[in-house]
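Report on the structure
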Amino acid sequence: MISAFYNGKSILITGATGFLGKVMMEKLLRTSPDLKVIYILVRPKAGQTLQQRVFQILNSKLFEKVKEVCPKVHEKIRAISADLNQHDLAISKEDMQELLSHTNIIFHCAATVRFDDHLRHAVQLNVTATQQLLSIASQMPKLEAFIHISTAFANCNLKHIDEVIYPCAVEPKKIIDSMEWLDDAIIDEITPKLIGDRPNTYTYTKALGEMVLQQEGGNLNIAIIRPSIVGATWQEPFPGWIDSINGPTGLIVAAGKGFLRSIRATPMAVADLIPVDLVINLTLAVGWYTAVHRPKSTLIYHCTSGNLNPCHWGKMGFQVLATFEKIPFEKAFRRPNADFTTNNITTHYWNAVSHRVPAIIYDVYLRLTGRKPRMTKVMNRLLRTLSMLEYFINRSWEWSTYNTEMLMSELSPEDQRVFNFDVRQLNWLEYIENYVLGVKKYLLKEDMAGIPEARQHLKRLRNIHYLFNTALFLIAWRLLIARSQVARNVWFFIVSFCYKLLSYFRASSRLKV
Ligand SMILES: CCCCCCCCCCCCCCCCCCCCCCCCCC(=O)SCCNC(=O)CCNC(=O)[C@H](O)C(C)(C)COP(=O)(O)OP(=O)(O)OC[C@H]1O[C@@H](n2cnc3c(N)ncnc32)[C@H](O)[C@@H]1OP(=O)(O)O
Ligand SMILES: NC(=O)C1=CN([C@@H]2O[C@H](COP(=O)(O)OP(=O)(O)OC[C@H]3O[C@@H](n4cnc5c(N)ncnc54)[C@H](OP(=O)(O)O)[C@@H]3O)[C@@H](O)[C@H]2O)C=CC1
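From a predicted model like this one, the values you see are computed outputs, not experimental measurements. (Residues numbered from 1 in each chain as written. Chains lettered and ligands numbered in written order. Predicted model: local features only at pLDDT ≥ 70, side-chain atom pairs only at ≥ 80, totals over all residues. Heavy atoms only, no water.)

Here we look at the site of ligand 1
- Lining the immediate environment of ligand 1, one finds 29 residues, of which Arg114, Phe115, Tyr202, Gly247 and Arg381 sit closest.
- Measuring from a nitrogen atom of ligand 1, one finds a backbone N or O atom of Val113 at 3.2 Å.
- For ligand 1, an oxygen atom lies 2.8 Å from a polar atom in the backbone of Gly247.
- Taken by itself ligand 1 offers 1500 Å² of open surface, and the protein chains cover 80% of this.
- Taken together, the elements giving at least two residues each to the shell around ligand 1 come down to helix 11 (248-256), helix 13 (313-326) and helix 15 (375-393).
- Top element by residues in the shell around ligand 1 is helix 15. It accounts for 7 residues.
- A per-class count over the shell around ligand 1 returns 19 nonpolar, 6 polar and 4 charged. (Near = heavy atom within 4 Å. Polar contact = N/O pair within 3.5 Å; in protein donor to acceptor, adjacent residues only side chain to side chain. Areas by Shrake-Rupley, 256 points an atom, 1.4 Å probe, with all protein chains shown as cover. Helix = DSSP H or I, 4+ residues; strand = E, 2+ residues; numbered from the N terminus. Nonpolar A, V, L, I, M, F, W, Y, C, P; charged D, E, K, R; others polar.)

Some details on the layout of surface pockets
- In this model, the second largest pocket occupies a volume close to 950 Å³.
- If you trace the second largest pocket, you find 27 residues lining it, with Phe333, Arg334, Pro358, His465 and Phe468 closest to the centre.
- Of all elements in the fold, only strand 12 (339-341), helix 14 (344-368) and helix 19 (451-483) reach the threshold of two or more residues within the lining of the second largest pocket.
- Among the elements that take part in the lining of the second largest pocket, helix 14 stands out by supplying 8 residues, more than any other.
- Within the lining of the second largest pocket, the residues separate by chemical class into 15 nonpolar, 6 polar and 6 charged. (1 Å grid on protein atoms, 1.4 Å probe; cavity = no way out; pocket = protein on both sides within 12 Å on 5 of 7 lines; lining within 4 Å. Points joined across faces, edges and corners; volume = space filled by probe spheres on them.)

Overview of the UniProt feature "domain: Fatty acyl-CoA reductase C-terminal" (unreviewed entry) in the chain
- Under the present numbering, the feature "domain: Fatty acyl-CoA reductase C-terminal" (unreviewed entry) in UniProt falls on residues 355-446.
- The span residues 355-446 carries 70% helix and 2% strand; its end-to-end C-alpha distance comes to 25 Å. (UniProt positions renumbered as here; feature names shortened; annotations may be inferred.)

Focus on the confidence of the model for the chain
- Chain-level pLDDT for the chain is 95 on average; 99% of the residues reach the 70-or-more range.
- The complex model carries a pTM of 0.91, and its ipTM stands at 0.90. (pLDDT = per-residue confidence, 0-100.)

Examining the environment of Lys65
- The topology assignment puts Lys65 in the loop between helix 3 (50-58) and helix 4 (66-69).
- Owing to a relative accessible area of 42%, Lys65 belongs among the partly exposed residues under this scheme.
- Setting aside chain neighbours within four positions, we find Lys65 in contact with Glu26, Arg30 and Pro237.
- Polar contacts involving the side chain of Lys65 include one to the main-chain carbonyl oxygen of Pro237, which spans 2.9 Å. (Buried < 20%, exposed > 50% of the residue type's maximum accessible area, 1.4 Å probe, protein only. Contact = heavy atoms within 4.5 Å.)

Brief notes about the side chain of Lys76
- Tracing the sequence through the fold places Lys76 in helix 5 (residues 73-76).
- Asp34 provides the closest opposite charge to the buried, unpaired Lys76, separated from it by 5.1 Å.
- Here Pro33 takes part through its backbone oxygen, which lies 3.3 Å from a polar atom of the side chain of Lys76.
- Among residues more than four places away in sequence, those in contact with Lys76 are Leu29, Pro33, Asp34, Leu35, Lys36, Val37, Ile38 and Cys70. (Lys, Arg positive; Asp, Glu negative; His and termini not counted. Salt bridge = Lys/Arg side-chain N within 4 Å of Asp/Glu carboxyl O.)

Considerations on the site of ligand 2
- Near ligand 2 lie 25 residues; those nearest to it are Thr17, Lys45, Arg53, Tyr202 and Lys206.
- Taking Gly15, its main chain carries an N or O atom lying 3.3 Å from an oxygen atom of ligand 2.
- Thr17 places a side-chain nitrogen or oxygen 2.7 Å from an oxygen atom of ligand 2.
- Relative to its unbound accessible surface of 890 Å², ligand 2 loses 90% to contact with the protein.
- Looking at the shell around ligand 2, the elements that each hand over two or more residues are helix 2 (19-31) and helix 10 (201-216).
- Its residues assigned to classes, the shell around ligand 2 comprises 13 nonpolar, 7 polar and 5 charged.

Things to note about the pattern of salt bridges
- Inspection of the entire model under this criterion finds 18 salt bridges.
- With a shortest N-O distance of 2.3 Å, Lys22 and Asp243 are connected by a salt bridge. Within this pair, whereas Lys22 is found in helix 2, its partner Asp243 is found in the loop between strand 8 (229-231) and helix 11, the two being separated by 221 residues in sequence.
- The exposure class assigned to Lys22 is buried, which follows from its relative accessible area of 13%.
- Between Glu98 and Arg78 there is a salt bridge; the shortest N-O distance is 2.7 Å. You can see Glu98 sitting in helix 6 (residues 93-102) and its partner Arg78 sitting in strand 3 (residues 77-81), a full 20 residues away along the chain.
- Put simply, Glu26, Lys27, Arg30 and Glu236 are held in one network by salt bridges that share partners.

So, the sheet that holds strand 2 (residues 37-42)
- Spatially, 7 strands are ordered 3-2-1-4-5-7-11 in an open sheet, and the strand pairing comes out parallel. Edge positions in the sheet fall to strand 3 and strand 11 (299-303), since each has one partner strand and no second. Between one strand axis and the next, the sheet turns through 20° on average, direction left out of account.
- Both strand 2 and strand 3 contribute to a ladder of 5 bridges, which runs parallel. Considered in strand 3, the bridge of Tyr39 is made with Arg78.
- Helix 6 contacts strand 1 (10-14), strand 2 and strand 3 of the sheet and is inclined by roughly 130° relative to strand 3. (Pairing = 2+ DSSP bridges. Axes fitted to C-alpha atoms, helices over the stretch in contact; angles between N-to-C directions.)

Points about the pairing of strand 1
- In terms of burial, strand 1 is a largely internal element, 5 of the 5 residues being buried.
- The two faces of strand 1 match: Ser10, Leu12 and Thr14 on one face and Ile11 and Ile13 on the other face are all buried.
- Direction of pairing for strand 1 relative to strand 2: parallel, over a ladder of 5 bridges. Looking at the pairing, Thr14 lines up with Leu41 of strand 2.
- Once the chain exits strand 1 it traverses helix 2 before rejoining the sheet at strand 2, and the crossover so formed is right-handed. (Right-handed = clockwise from strand over helix to strand, strands pointing away.)

So, empty space enclosed by the protein
- Under the counting rule described, the total for this entry stands at 4 cavities of 30 Å³ or more.
- Considering only enclosed or pocket space, the largest cavity measures out at about 70 Å³ in volume.
- Forming the walls of the largest cavity are Ile274, Leu278, His302, Cys303, Thr304, Leu308, Thr401, Thr404, Met408, Phe421 and Val423.
- For the lining of the largest cavity, the elements supplying multiple residues, two or more each, are strand 11 and helix 16 (402-410).
- The residue inventory of the lining of the largest cavity, partitioned by class, reads 7 nonpolar, 4 polar and no charged.
- Reported here for the second largest cavity is a volume of approximately 40 Å³.

If you want it as structure tokens, here you go:
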């Protein structure tokens, strides 16, 4: 039913070149190959034209399966030049006319997901662009549904979060206006006051974006999806696909390559991870439900795992490390062996011992061998990233999921299978193993044939580690002996004890002969 609904439709997706957007295009084309067109708002980037960007995406591994059911996939995608930072989204008149007269469904995924983005930029993308898109949507006579992707962490200042829009202290309109005339220095000054007890500009502006939808949605048929931490695919189009470094993925890379050795986290806090294909299945089901059933009010759908199938950071970390044993990453800096710390003192200690000191030693080595030092810089960036993510790995939240469960019960058995978003069916251990494997294959683009060499490399690192520790111990001991009479006495006692033991064994073995 859902697949049939999208056939013949013109669908507009923002953020289609992003992590969620690509999986959404793929699923739509695979399950509804007879859809009319997918308009995607794209900006030229990194010296690539729109067409080159789209070509690259459609020719990637993710879209291999689609081409079997929808060989003319290129013809189904219509890239429209747009910049969500610009007035009217910088869409040309002709393109705008086409969008206005044809669009049936909008999926608004585009956002800045950087936690530390400047408030002006985060407001522009996550609030003002949403406002502009709403205004465009309100001029679309054929529009059936407007689906907005928010985040479950938009209200992370609360512990229990319901499927409602929580108001922010200052009206979004006032924030948008003030961003136009305040200079950067003043914005920097007021940012902590505005974001209040939220940890960053990202979560704050996503909350403002929801308020804009509520206040300016007019008669539009709107629904909001709030996913938690989105991870690699669970099942579709194949397990483990991922191409984004955000969230846990970057830390999996850092741990697998041996840079990340300790992380401040609460092992028993819920790791509210949710696979990207599950998020997209829910989103497409919501698109169908919103268009067909036209609920009286804006429904919010939490796409989370914690209340139905919880996994904790401790278990997740353990499984990630266990997978590195089976599937090591190539050219690791050190052997993957990360640990959780739980307080400030141990975190500072292990950051110094496990992150900063090895980086300094390695940089000295690079200098001595005539190369440019770089490890301290890499470590500093990693530590900065950790400090940004720590907020989310030391707390647990409860999200109610009545609407999501209601929607599941509305689906036919066939739709429940094709658009499965039942997180209770997810086996975490299997998922995490596929996730790590996916990071290796699709993000790092490492060949599986390189695993024996990676293992050899880790063995070498282990030997270097033992050698280094032994040398360190001997040096420390030698210095101690030189300075302390007690240490000298202990040393002579141990040596003479070993000597006597050896002589005794020699003598007893001679007697036996
Ligand atoms: C018992 C045994 C125990 C064993 C234990 C062992 C455990 C061992 C296993 C560990 C795994 C298990 C635990 C996992 C915990 C995960 C917690 C995740 C919480 C996520 C919550 C998300 C909630 C909200 C979800 C949402 O709703 S939205 C999506 C979330 N949004 C983001 O995740 C954006 C974050 N990022 C930024 O905000 C910017 O990235 C910025 C950081 C400011 C830097 O910014 P900057 O330094 O300016 O520069 P960049 O260009 O950005 O990056 C510069 C450089 O950092 C790199 N890098 C960017 N990212 C990351 C990243 N993640 N991780 C690592 N590196 C990263 C990038 O590769 C580049 O490296 P390079 O190429 O230079 O070498
Ligand atoms: N990933 C996650 O863990 C979670 C994500 N979400 C939400 O899901 C949505 C998608 O996130 P995700 O796919 O991970 O994010 P990505 O960063 O991967 O993608 C963001 C998308 O927005 C586009 N975009 C950004 N700025 C502009 C601009 N000025 N003009 C046009 N397009 C622009 C990007 O285009 P370009 O390729 O040109 O940069 C990209 O397509 C977001 O709304 C996010 O808040 C919610 C919860 C968790």
